[in-house]
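So you can see what is in the structure, the chains are spelled out below.
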Amino acid sequence: MFKPTNSLHQLIMFTCAVILLLFVAYKSSITSFTHDESYTYEHFVTTRYMDIVSYSYPHTNNHILNTLMMKLSGKIFGVSELSLRLHSLISLFTYLCACIFLLKDLPKQIKIACFFMLVANPFLIDFFGLARGYGLAISLMMAGIYFIWRWLKTSKLINLLVFNICAMLATYSHFTLINFYVAAFLAINAVEYYKIKNAFGSLAVNYSKPILRLLIINGINILFMFITTLLLWEPLRKITKIHMFEYGGNKGLVSDTIYSLIVSSFYHVTVSYFWGMALSWVVAITILSIFIKWLYTMFRKRKSFLTESYMLIFLNCTLVVILLCSVIQHYILDNDYFIGRFALFLYPLFILNVCFSFRIIHNNFPKIVITVGNIFGIILLINFLYNANVKSYLDWEYDSDTKHMMNILEKHHDKYAMGQNIKLGITWYFEPTVNFYRITKKLDWLEPADREGLLKSDNYIYAEKNEVANFKTMRQQVLFSSEGGATLVYIK
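Residues numbered from 1 in each chain as written. Predicted model: local features only at pLDDT ≥ 70, side-chain atom pairs only at ≥ 80, totals over all residues. Heavy atoms only, no water.

S.K.: Mind showing me how you'd approach helix α12 (residues 253-265) here?
M.R.: Count 3.6 residues to each turn of an α-helix, and residues three or four apart come out pointing the same way. Between its first and last C-alpha, α12 extends 17 Å over 13 residues, near the 18 Å set by a 1.5 Å rise per residue. In α12, a bend of some 35° at Y259 exceeds every other bend along the element. Of all 13 residues in α12, 11 are buried, a share of seventy percent or more. Here α12 has its buried residues at L253, V254, D256, T257, I258, Y259, S260, L261, I262, S264 and S265. Downstream of α12 by one or two residues, Y267 has phi in the positive range, about 60°. (Helix = DSSP H or I, 4+ residues; strand = E, 2+ residues; numbered from the N terminus. Expected span 1.5 Å × (residues − 1). Bend = angle between axes of the 7 residues up to and from the residue. Buried < 20%, exposed > 50% of the residue type's maximum accessible area, 1.4 Å probe, protein only.)

The following block contains the structure:
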């Protein structure tokens, strides 16, 4: 049960969570499928379960757990936008619960602000309404972090077991979470090392020696990491062989990873390069400052800090190790730095660092923490409300009208009895979603879309306006123009 003094704050967070969940569910049910979702459906969901798991067709678009959930949900509930995205909605529910529970012990004056910081990110929320692995991975990561929080409070090994299951499934949802799992493993050991070094609290959980405790903890972690390695070995081997770890960043950790996250989080609000980089360095310095602070405090052996801050140490150590691994992988393996949606899992990690830092600082500077925390929370909430929409997703806005276009195309074909072997010429990036609706709507009269561009033999054209303008035909009729600039044309 929640404490009476916190009941109003918990009720507000719960109400906001329900509203957000309903909003995302509605958007998921009406918005067009997008390029990557459609590619997954056409190339992976329609294959056998073993083909999905073994990566028989190696491609990083196959987020394994997401693909499996799409296939299973489609079989149970039928194929629709909502059914294929259902697991992501469940992931949002998991994410919201984890956020509420993790913030339970924060001062009530900043609890709601911290909740908004965790959930009021339009770019993050996008992926809980899409049939992709990002939302799954992030929700499982957050669930795992919650069970680490429980483990640090109770020392019950069942919580550590559940963390490992969550982390393992997170890596199965998206390969970038491998970095989180490895970093969390090291962070757990860091926390345990400081417990032993400073002799805080009771180290006995059915055994008395700290070394035995470390062995048991690492035995559990290594066992699950071994299972994870077995599950991911073949997929990783195949995509490594064909060099498919392409995340897009080649400049640097701050200018790629952190900067892209900040710009994406502001969604349709334009952020200048100067202010984007300034905020990026503020984030980087904040992470580094927390890291230096707890290291300094540990060496000074100020026990009061560490006993209150095991969770902050875990969170900050995890985030720092992930960022260091990214740098090492870039220089040694020539991997790209994470950018945009590939780096999205770092956002809640950073916000949790801030939230648990607020909890510590609040003891000495409550007014500063309350003021700063609520300003941040309000800014992010305003940004979310400004950018929230039920039409499109930031990374795939060009597909916002593809579903509507296909409905118009179908009606026009049926009305004028156009016959069989109808060809639709398209701009290449519409190909997966056009084929998704061709398959799921059973439009047998429509030939499969390709990426060959516009041809004289096309019966219809759906392409960017400049392409249509350059495509000269004697007689054509515009059937539909999307807000994004694409046009559906019937060639008479």
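The discussion continues.
S.K.: Before we go on, may I ask you to explain empty space enclosed by the protein in this structure?
M.R.: Using a probe with the size of a water molecule, rolled over the atoms, empty space left in the structure can be pinpointed. Under the criterion given, the structure shown has 2 cavities of 30 Å³ or more. Computed from the structure, the largest cavity encloses a volume of approximately 90 Å³. F23, K27, P122, I125 and D126 are the residues nearest the centre of the largest cavity, which is lined by 14 residues in total. Only α1 (7-30), α7 (122-126) and α17 (366-387) provide two or more residues apiece to the lining of the largest cavity. Considering every element that reaches the lining of the largest cavity, the biggest residue donor is α1, with 4 residues. Taken together, the residues of the lining of the largest cavity sort by class into 8 nonpolar, 4 polar and 2 charged. The calculated volume of the second largest cavity comes to roughly 50 Å³. If you go around the second largest cavity, the residues you meet are Y134, A137, I138, H174, T176, L177, R341, F342, L344 and F345. (1 Å grid on protein atoms, 1.4 Å probe; cavity = no way out; pocket = protein on both sides within 12 Å on 5 of 7 lines; lining within 4 Å. Points joined across faces, edges and corners; volume = space filled by probe spheres on them. Nonpolar A, V, L, I, M, F, W, Y, C, P; charged D, E, K, R; others polar.)

S.K.: Would you mind going over the nonpolar core with me for this structure?
M.R.: In summary, soluble globular proteins display a tendency toward joint burial of nonpolar side chains. Grouped together as the largest cluster of nonpolar side chains are 119 residues, with contacts concentrated most on F115, M142, I145, F180, M311 and F314. Ranked by the residues each element gives to this core, the list is headed by helix α8 (residues 133-154), at 13 residues. Apart from residues no more than four positions distant in its own chain, I145 is found in contact with L102, F180, M311, F314, L315, L349 and L352. In this structure, Y429, W445, F480 and Y490 belong to the second largest nonpolar core, which totals 28 residues. (Core = buried A, V, L, I, M, F, W, Y, C linked by side-chain atoms within 4.5 Å. Contact = heavy atoms within 4.5 Å.)

S.K.: Can you help me understand the environment of T154 in this one?
M.R.: The residue T154 is located in helix α8 in this model. Among the polar contacts listed, one links the side chain of T154 to the side chain of N159, at a separation of 3.2 Å. (Polar contact = N/O pair within 3.5 Å; in protein donor to acceptor, adjacent residues only side chain to side chain.)

S.K.: Help me understand the sheet that holds strand β5 (residues 476-481) in this model?
M.R.: The strands making up a sheet associate through hydrogen bonds between their backbones, and the pairing can be parallel or antiparallel. Taken in spatial order, the 4 strands line up as β3-β4-β6-β5 in an open sheet, and their pairing is mixed. Of all strands in the sheet, those bounded by a partner on one side alone are β3 (424-426) and β5. Strand-to-strand twist of the sheet, defined as the mean angle between neighbouring strand axes without regard to direction, takes the value 20°. Inspection of the sheet shows β3 paired to strand β4 (residues 460-464) by 3 bridges, in the parallel sense. Residue pairing in the sheet places G425 in a bridge with I461 of β4. (Pairing = 2+ DSSP bridges. Axes fitted to C-alpha atoms, helices over the stretch in contact; angles between N-to-C directions.)

S.K.: Before we go on, may I ask you to explain the packing of α8 against helix α9 (residues 157-173) in this structure?
M.R.: The geometry of α8 relative to α9 is characterised by a closest axis approach of 8 Å and an angle of 165° between their N-to-C directions. When the axis of α8 is compared with that of α9, the two are roughly antiparallel. In the crossing of α8 with α9, the sense of the turn from one axis to the other is left-handed. Two secondary-structure elements touch here, α8 through G133, L136, A137, L140, M141, A143, G144, F147, I148, R150, W151 and T154 and α9 through L157, N159, L160, V162, F163, C166, L169, A170 and S173. Looking at side-chain class alone, the contact of α8 with α9 contains 15 nonpolar, 5 polar and 1 charged residues. (Parallel < 35°, antiparallel > 145°, perpendicular 65-115°, else oblique. Left-handed = near helix turned anticlockwise from the far one by under 90°.)

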